[in-house]
Each structure stands twice: as structure tokens, then as C-alpha cells.
Amino acid sequence: MDTTITEIAPDIYRLSTYLDEPNLIMNQFLVDGEEPLLFHTGQRALFPSVSAAVGRLIPLDRLRWITFGHVEADECGAMNSWLAAAPNAEVAHGAMGCFVQVNDLADRMPRPLQYGDVMETGTRRVRHLDTPHVPHGWDAGLIFEETTQTLFCGDLFTAFGHHPPATEEEIVGPAIAAEDMGNATCLSPALGPTIRGLADLEPLLLAPMHAPVFTGDCVQALHDLAQAYEERLAAETVRYREAE
């Protein structure tokens, strides 16, 4: 198991591990600074490889913030391993997710985040965004680094396969193909508007958990993804009504 490191923006690093069995890459992201932040912990089995990669960038005891999109093994399975390795680190997650799950799961009490709360790593400002049920999970949320305009978009744009660290190629088609295989996204009336709201942030980089970093037209990609899901929701609504 090999975790590769790519600097995707100044002080921001992608830590990527390809897993053969699911044919999927697992990405964690380190935002360095005076108070470094880790987005996604990876599963517990990934901790030795990912922590060794982080250790090549910073001493683990410098890690200050641990956050993730929602409670799921690949998002936060190694949370307590990171807390043990980084005694100064604090888990930060959406307030709803803390109340429902993380208060009980984490070995140290987490910091509950409200929509728009900012964690400053030094020169970088990481804003928490609540996105309930987008792409899935009651506690779902994403983060946006304001100074580099990097949107860490979690499971959005998931694509199966082994990919390069970054791409300008079209990413919506592979994401919808992955959706056809996994049906992982919660289809709801809020899905399209929530994704379009992310486009309003005008990100310059999209940093998905299971796909390459996208360096093309991020705003258009988000609008195209929203439209694709809206079309899927409409088709599914018709199908269920016809089955009644």
C-alpha cells in the first residue's frame, strides 16, 4: 500500500492511496500552517501508510485540526488513531454530526461547527459548509479554503479507477458512471440547489475524495453535476409514479 503526496496549492497537499479491490482512490488532504488541518482520516487500515505520508510533511504532533465530510469508515475510520498520534489535535465536525455520533465515537470531545465557521491554519482559512444528505448522510458537510478557493468536495465527483493526481478533463461523466454503479447519492429536491450553491463560491480547484483534483472550469462542472442529478431525480420520480 503506497500513499503518494501531491501539493495541489500552496500549503495544501493531497495524500492518495489506490485500493485494488474497490478500484478506487482514497484521498486525504493536509492544509499546512501554524495549525495544520487534516480533511478525511481514511480507514483504520490506511492509517500506517497515510500517517507516514503526513509525517514526511509535518511532525504528527503539530496536527491541530481533524475534520471530515460525514461519519463513514473512509471519511473518519482512523479518527481515534490520529487523535492518539497527535495529542494536540481536535476533531471538528458539524454540530448535528457531533450530537448524533461523534461525541460518542471520538476519544476526545470534538468541536461542533456551525455553517460558515472558519478554522484558520495560519495563512489559510477553512470554512465549514453543512450539506445535509449531499451527497449522503444526515451530518454531511464540506470545507472550502478561502484564500486558494479550493473546494474539498468529499464524495462528490467520485470516479472508479486509478487516476492521475490532477486533471483538466471532464469529470461529470465519470462521476455519473460511478453513480450508475453505486447509487451512493441521496436524490432529493435539495441536491441540485445545494451543489449549485457550492458553485456560487466560485472555486478554482475541486478536491474530491475519490477522484483527481480538478483544475478546469470548476463552476461549470458543479452546475453540470447538479443538472445531471436533477435529471436523474426527475427520471426516478417518473419511474416510481408509473410503478404505483
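Further up the page is the structure itself.
Reading guide: rules and limits
Residues numbered from 1 in each chain as written. Predicted model: local features only at pLDDT ≥ 70, side-chain atom pairs only at ≥ 80, totals over all residues. Heavy atoms only, no water. Helix = DSSP H or I, 4+ residues; strand = E, 2+ residues; numbered from the N terminus. Buried < 20%, exposed > 50% of the residue type's maximum accessible area, 1.4 Å probe, protein only. Contact = heavy atoms within 4.5 Å. Areas by Shrake-Rupley, 256 points an atom, 1.4 Å probe, with all protein chains shown as cover. Lys, Arg positive; Asp, Glu negative; His and termini not counted. Charge placed at Lys NZ, Arg CZ, Asp CG, Glu CD. Salt bridge = Lys/Arg side-chain N within 4 Å of Asp/Glu carboxyl O. Patch = residues over 30% accessible without salt bridge, like charges linked within 9 Å, V, L, I, M, F, W, Y side chains within 5 Å. Pairing = 2+ DSSP bridges. Core = buried A, V, L, I, M, F, W, Y, C linked by side-chain atoms within 4.5 Å. Phe/Tyr/Trp six-rings, centres within 6.5 Å; stacked < 30°, edge-to-face > 60°. Lys NZ or Arg CZ within 6 Å of the ring centre and 35° of its normal.

> Teacher, can you tell me more about the overall build of the chain here?
Within the chain one finds seven helices and 14 strands. For the chain, the spread of C-alpha atoms along the three principal axes comes to 55 × 35 × 35 Å. Evaluated residue by residue, the chain yields a buried proportion of 50% over its 244 residues. For the chain, the proportion of contacts with a sequence separation of at least 24, taken over those separated by at least 6, is 60%. Element-wise, carbon and sulfur atoms account for 52% of the exposed surface of the chain, whose accessible area totals about 10600 Å². Treating the 14 positive side-chain charges of the chain as one cloud and the 36 negative ones as another, the clouds have centres 4 Å apart.

> Hey, could you run me through the pattern of salt bridges in this one?
As a working rule, side chains carrying opposite charge can pair if their charged atoms are close by. Overall, the coordinates contain nine salt bridges when judged by the stated rule. Of the charged contacts in the structure, one is a salt bridge between E90 and R64, with a shortest N-O distance of 3.1 Å. Taken together, the positions of E90 in strand β6 (residues 90-94) and R64 in the loop between α1 (47-55) and β5 (65-67) put the pair 26 residues apart, joining distant regions of the chain. Looking at E90, the relative accessible area reads 23%, which means it is partly exposed. By relative accessible area, which is 22% here, R64 ends up partly exposed. Three or more residues are tied together by salt bridges with common partners; here these are E120, R125, R127 and E146.

> Is there a simple way to explain a negative patch on the surface in this structure?
A cluster of acidic residues, E168, E169, E170, D217 and D224, forms a negative patch on the protein surface. Along the chain, E168 falls in the loop between β12 (166-167) and α5 (172-182).

> How should I be thinking about the pairing of strand β2 (residues 12-19) in this particular structure?
A regular strand carries its side chains on alternate faces of the sheet. Counting buried positions over the eight residues of β2 gives seven, a clear majority of the element. Pairing of strand β1 (residues 3-9) with β2, which is carried by six bridges, proceeds in the antiparallel orientation. By the bridge assignment, A9 is partnered in β2 with I12. What sits between the antiparallel neighbours β1 and β2 is a turn of two residues, in which D11 has the positive phi angle 75°.

> Quick question: what am I supposed to make of the environment of Y240 here?
In this structure, Y240 sits in helix α7 (residues 218-243). In sequence terms Y240 and T17 are 223 residues apart; their C-alpha atoms lie 39 Å from each other.

> What am I meant to see in the nonpolar core here?
Considering soluble globular proteins, one finds that nonpolar side chains tend to be buried as a cluster. Counting 27 residues, the largest nonpolar core has V54, L63, M79 and W82 as its most contacted members. Going through the elements one at a time, β2, β3 (24-31), α1, α3 (79-85) and α4 (95-105) are the ones with two or more residues in this core. No other element matches α1, which puts four residues into this core. Once residues within four sequence positions are removed from consideration, L63 is found in contact with L30, P36, L37, L38, I58, W82, A86, N88 and A89. Ranked by size, the runner-up nonpolar core spans 26 residues in total, among them F144, A199, C218 and L222.

> Looking at this structure, how should I read the packing of aromatic side chains?
To describe a pair of aromatic rings, you give the distance between the ring centres and the angle between the ring planes. Under the definition given, this model contains three aromatic pairs. Ring centres of F29 and F152 lie 5.3 Å apart, and the angle between their planes is 65°; this geometry places the pair in the edge-to-face category. Residue F29 is located in strand β3, and its partner F152 is located in strand β11 (residues 150-154); the two are separated by 123 residues in the primary sequence. The exposure class assigned to F29 is buried, which follows from its relative accessible area of 0%. Under the relative-accessibility criterion, F152 is labelled buried at 0%. A network of ring pairs unites the aromatic residues F29, F39 and F152 as a single cluster. The ring of W65 has R64 lying over it, and the distance from NZ or CZ to the ring centre is 4.1 Å. Over the face of the ring belonging to Y240 we find R239, whose NZ or CZ atom lies 4.8 Å from the ring centre.

Keep in mind these values describe shape, not function.
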